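Chain by chain, the residues:
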Amino acid sequence: MDERNRRAFLVGAVGTIAIFAVLFFAVGARDIVDSLLSAKPSLVVATFAFALGWLVAWSLMLRTVLAALGVDVPVGKSFLVYSGAVFANNVTPFGQAGGEPVAALLISKVSDARYETGLVGIASVDVLNVVPSISLILVGVGYYATTAALGETLETAVSSAIVLIAGIVVAMGLVWRYHQTIIDRLPGIIAPRLGKLGIERFQSDTLEADIADRLDRFFENIERVATDRWRLAAVVGLSLCGWLFQVAALTAAFAALGYSVPPYVLLFVIPLANLAGAAPLPGGLGGIEAAFVTLLVPTTGIPASVITAAVLIFRGAIYWMPVLIGGLSVSSLGVRALR
């Protein structure tokens, strides 16, 4: 880890600790601990089981997208690769930015696929996960609005989500529309700069042509995924299943503490809270938990200490379990590749 990455990690870690400290102080650390100690073990186990279902569903998404690209990855290996991507997301700032390169590398090692093919595969999974999340937000908020008035916090969260998602869609549309221009001009801009780094692999006289060739294949692979309608529908369906597994996991976490939350509330709270993963924190740790508490307190009427405890159980399954599984899989696949 170079100095800049180390500094970013330390800043993110300090930010995470600060957010948790404020959260525990504001809600009451003793009340949170008491709620956690009252949790029913069998339902805590159910929370982790539902979270495992989410991880399996989204790993099958990755396998299906790779199949559209002509890359055959066994179910077990696709689970390990996707777990590795989630692990990378959870230990690096700015969420998805850390996971895609690691997953692309793992895909290339377990399947002999090109790196850019693997990158398209994992990036497609992340992008396609947005489609069901938008639907869940609209359905959940729409139904909630028929039962209660939208508070200022919820209105702000929904508006921010719509603006952010719209911005991402516009940016993606512009990149696709001008992708040929990017292929023609970008290599000439970055190749000389890479050459100045003094790294042997960037010293080739054909570096500019190599970059252009990789970009061309990258966009070709995106087109292959987008035009395979049957697999695309299957991928979106698996994405929806993954979101619903998360809803079931958080429902089980609340049930473990003796409380119930209307499912339609969780339908929009989970994708909205996950937007906090874009913060410069390791996997959004701290920021996502705070977002959950901020959204659930006014929409459920449940005590803040219980909500915080339920969110910690849920995040233990959604965040820390993939860190453990993904860390082991990255290590395992890395060792095998070296052998």
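Higher on the page you've got the structure.
Residues numbered from 1 in each chain as written. Predicted model: local features only at pLDDT ≥ 70, side-chain atom pairs only at ≥ 80, totals over all residues. Heavy atoms only, no water.

1. Structural notes on the overall build of the chain
Piece 1. The secondary structure content of the chain amounts to 14 helices and zero strands.
Piece 2. Going residue by residue from the N terminus, the α and β elements of the chain occur as α-α-α-α-α-α-α-α-α-α-α-α-α-α.
Piece 3. For the chain, the residues scored as buried account for 44% of the 339 residues in total.
Piece 4. With an accessible surface of roughly 16900 Å², the chain has 66% of that area assigned to carbon and sulfur atoms. (Helix = DSSP H or I, 4+ residues; strand = E, 2+ residues; numbered from the N terminus. Buried < 20%, exposed > 50% of the residue type's maximum accessible area, 1.4 Å probe, protein only. Areas by Shrake-Rupley, 256 points an atom, 1.4 Å probe, with all protein chains shown as cover.)

2. Some points on the packing of aromatic side chains
Piece 1. All told, the structure shown has seven aromatic pairs when counted by the stated rule.
Piece 2. Measuring from ring centre to ring centre gives 5.5 Å for Phe292 and Phe314, while their planes differ by 75 degrees; the resulting arrangement is edge-to-face. Within this pair, whereas Phe292 is found in helix H13 (residues 287-300), its partner Phe314 is found in helix H14 (residues 304-338), the two being separated by 22 residues in sequence.
Piece 3. Note on Phe292: relative accessible area 1%, which makes it buried. (Phe/Tyr/Trp six-rings, centres within 6.5 Å; stacked < 30°, edge-to-face > 60°.)

3. Quick word on the pattern of salt bridges
Piece 1. Tallied over the full model, the rule gives one salt bridge.
Piece 2. Where Arg315 meets Glu289, a salt bridge forms, and the shortest distance between an N and an O atom there is 2.8 Å. Of this pair, Arg315 sits in helix H14 while Glu289 sits in helix H13; the two residues are 26 residues apart in sequence, bridging distant segments of the chain. Grouping residues by exposure puts Arg315 and Glu289 together as buried. (Salt bridge = Lys/Arg side-chain N within 4 Å of Asp/Glu carboxyl O.)

4. Here we look at the environment of Val297
Piece 1. Mapped onto the secondary structure, Val297 falls in helix H13.
Piece 2. In the structure, Val297 is positioned 11 residues away from Thr308 in sequence and 9.3 Å away in space, judged by C-alpha atoms.
Piece 3. When residues no more than four places from it in sequence are discounted, the contact partners of Val297 are Ala304 and Ile307. (Contact = heavy atoms within 4.5 Å.)

5. Quick word on the packing of helix H6 (residues 115-128) against helix H7 (residues 130-145)
Piece 1. One can describe the packing of H6 onto H7 by two numbers: an axis separation of 5 Å at closest approach and a directional angle of 10 degrees. If you check the angle between H6 and H7, you find them roughly parallel. Here H6 contributes Asp126, Val127 and Leu128 to the contact with H7, which in turn contributes Val130, Val131 and Pro132.
Piece 2. Here the residues of the contact of H6 with H7 are counted per class, giving five nonpolar, no polar and one charged. (Axes fitted to C-alpha atoms, helices over the stretch in contact; angles between N-to-C directions. Parallel < 35°, antiparallel > 145°, perpendicular 65-115°, else oblique. Nonpolar A, V, L, I, M, F, W, Y, C, P; charged D, E, K, R; others polar.)

6. Overview of the nonpolar core
Piece 1. Counting 79 residues, the largest nonpolar core has Phe292 and Leu296 as the members making the most contacts within it.
Piece 2. A per-element tally of this core places H14 first, with 11 residues. (Core = buried A, V, L, I, M, F, W, Y, C linked by side-chain atoms within 4.5 Å.)

7. Considerations on the side chain of Thr47
Piece 1. Mapped onto the elements of the fold, Thr47 is located in helix H3 (residues 41-68).
Piece 2. For Thr47, a relative accessible area of 0% puts it in the buried group.
Piece 3. Engagement of the side chain of Thr47 in a polar contact is seen with the backbone nitrogen of Ala253, the distance being 3.2 Å.
Piece 4. With residues near it in sequence (within four places) discarded, Thr47 still touches Ala249, Ala252, Ala253, Ile313, Phe314 and Ala317. (Polar contact = N/O pair within 3.5 Å; in protein donor to acceptor, adjacent residues only side chain to side chain.)

8. Some remarks on a nonpolar patch on the surface
Piece 1. Residues Val127, Ile168 and Met172 make up a contiguous nonpolar surface patch of roughly 230 Å² in combined accessible area.
Piece 2. Here Ile168 lies in helix H8 (residues 152-177). (Patch = residues over 30% accessible without salt bridge, like charges linked within 9 Å, V, L, I, M, F, W, Y side chains within 5 Å.)

9. Some points on helix H11 (residues 229-256)
Piece 1. With 28 residues, H11 should reach 40 Å at 1.5 Å per residue; the first-to-last C-alpha distance of 41 Å fits that figure.
Piece 2. The positive-phi residue at the C-terminal boundary of H11 is Gly258, with phi of around 90 degrees. (Expected span 1.5 Å × (residues − 1).)

10. A few points about the side chain of Gln246
Piece 1. As for its placement among the helices and strands, Gln246 is situated in helix H11.
Piece 2. Taking the relative accessible area as the measure of exposure, Gln246 reaches 3% and is therefore buried.
Piece 3. Among residues more than four places away in sequence, those in contact with Gln246 are Trp54, Trp58, Ile270, Asn274, Phe314 and Ile318.

11. Describing the packing of H3 against helix H4 (residues 75-91)
Piece 1. Orientation of H3 relative to H4, taken along the N-to-C sense of each, is 105 degrees, at an axis distance of 8 Å. By the angle between their axes, H3 is roughly perpendicular relative to H4. For the pair formed by H3 and H4, the contact residues are Leu52, Trp54, Leu55, Val56, Trp58, Ser59, Leu60, Leu62 and Arg63 on the first element and Val75, Ser78, Phe79, Val81, Tyr82, Ser83 and Val86 on the second.
Piece 2. Residue classes in the contact of H3 with H4 are distributed as 12 nonpolar, three polar and one charged.

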